[in-house]
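These are the residues of each chain, in order.
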Amino acid sequence: MVDYQIRPIADTGILVEFGDVIDDDIHQSVLNFDDNVLQSQMKGFVEAIPAYASVYIGYDPLVTDYVSVCEHIKPLIGKQGLAKDKAQHWQIPSCYEGQFAPDLSEVAQTLNMSEDDVIKHHTSGQYKVYMYGFAPGYAYLGGVPEALQIPRKQAPQMNIPKGAVMIAGPQSLITTVVMPTGWWVIGRTAKTPLQTGSEKPFLFNIGDSVEFFQLSEADFLRQSRL
């Protein structure tokens, strides 16, 4: 039996919550439910947005209402979906050198390890795409190895470039636009989750797995020019 709570969000949506922590089993319940909702042809359906431990369902209040939506979705909670079968695996090249890894040295010192150890831990992580949020294409990746988990900075840094590979706590992320952040920038990649001008603008699907592999500065610069 899957534990859950349902909350109304104004008169146009509901939030189905399966927990309040980053947990793979909880997220699998999220993925299964999201998949089943998308296939269920719900009357008045507008959108479904999966997150770490919840799914937001938007609906048209001129077509349906909160009670009707609840009656429709409750039988879908806890059912198996096709999410695992749809998941893809991605390999992301990352340069952990010089100007492309401005926080690498401080992360290493804070965690009492060498810079090479930081890189080894980051590239050994098996990451999962849990959700998109905050900015276009910001795919939140859970799975940072415990030895590499470090709290966010006390103050954000401005103008972090697109393609920055960052960590904070149990999460990693690749920036897609120039923005301030309090996360630690330990690398850079030329392959970002936001593919502008594409019919499929988000590279990853929720539930996909990701791993990083080390790229030399020369190879990164070569890829960036392609």
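Details of the structure are given in the entry above.
Only a predicted model underlies this, so the values are computations on that prediction, with no experimental measurement involved.

Trainee: What is the right way to look at the overall build of the chain in this model?
Mentor: From N to C terminus, the chain includes six helices and 13 strands. In terms of principal-axis extent, the alpha carbons of the chain reach across some 55 × 35 × 35 Å. For the chain, buried positions account for 49% of its 226 residues. Sequence separation of 24 or more characterises 63% of the internal contacts of the chain that already satisfy a separation of 6 or more. Element-wise, carbon and sulfur atoms account for 50% of the exposed surface of the chain, whose accessible area totals about 11700 Å². Averaging the coordinates of the 16 positive side-chain charges in the chain and doing the same for the 26 negative ones gives two points 5 Å apart.

Trainee: Quick question: what am I supposed to make of helix H1 (residues 24–39) here?
Mentor: Because the α-helix completes a turn every 3.6 residues, residues three or four places apart line up on one side. With 16 residues, H1 should reach 22 Å at 1.5 Å per residue; the first-to-last C-alpha distance of 23 Å fits that figure. When we look at burial in H1, the residues that qualify are Ile26, His27, Gln28, Ser29, Val30, Leu31, Asn32, Phe33, Asp34, Asp35, Asn36 and Val37. Taking the backbone nitrogen of Asp25 as reference, a side-chain oxygen 3.0 Å away marks Asp23 as the first, capping residue of H1. The positive-phi residue at the C-terminal boundary of H1 is Gln41, with phi of around 55 degrees.

Trainee: Just checking my understanding: could you explain the layout of surface pockets for this structure?
Mentor: Vacant regions in the atomic arrangement are exposed by a probe of water-molecule size rolled over the atoms. There is about 380 Å³ of room inside the largest pocket. Surrounding the largest pocket, 16 residues form its lining, Asp34, Pro50, Asn205, Ile206 and Gly207 being those nearest its centre. Looking at the lining of the largest pocket, the elements that each hand over two or more residues are H1, strand S3 (45–50) and helix H3 (83–86).

Trainee: So what exactly am I meant to see when it comes to the environment of Ile14 here?
Mentor: Structurally, Ile14 is set in strand S2 (residues 13–17). Among all residues touching Ile14, those that are not within four sequence positions of it are Ile6, Arg7, Pro8, Ile9, Val55, Tyr56, Ile57, Tyr59, Tyr66, Val69 and Ile73.

Cut-off values and rules
- Residues numbered from 1 in each chain as written.
- Predicted model: local features only at pLDDT ≥ 70, side-chain atom pairs only at ≥ 80, totals over all residues.
- Heavy atoms only, no water.
- Helix = DSSP H or I, 4+ residues; strand = E, 2+ residues; numbered from the N terminus.
- Buried < 20%, exposed > 50% of the residue type's maximum accessible area, 1.4 Å probe, protein only.
- Contact = heavy atoms within 4.5 Å.
- Areas by Shrake-Rupley, 256 points an atom, 1.4 Å probe, with all protein chains shown as cover.
- Lys, Arg positive; Asp, Glu negative; His and termini not counted.
- Charge placed at Lys NZ, Arg CZ, Asp CG, Glu CD.
- Expected span 1.5 Å × (residues − 1).
- Polar contact = N/O pair within 3.5 Å; in protein donor to acceptor, adjacent residues only side chain to side chain.
- 1 Å grid on protein atoms, 1.4 Å probe; cavity = no way out; pocket = protein on both sides within 12 Å on 5 of 7 lines; lining within 4 Å.
- Points joined across faces, edges and corners; volume = space filled by probe spheres on them.

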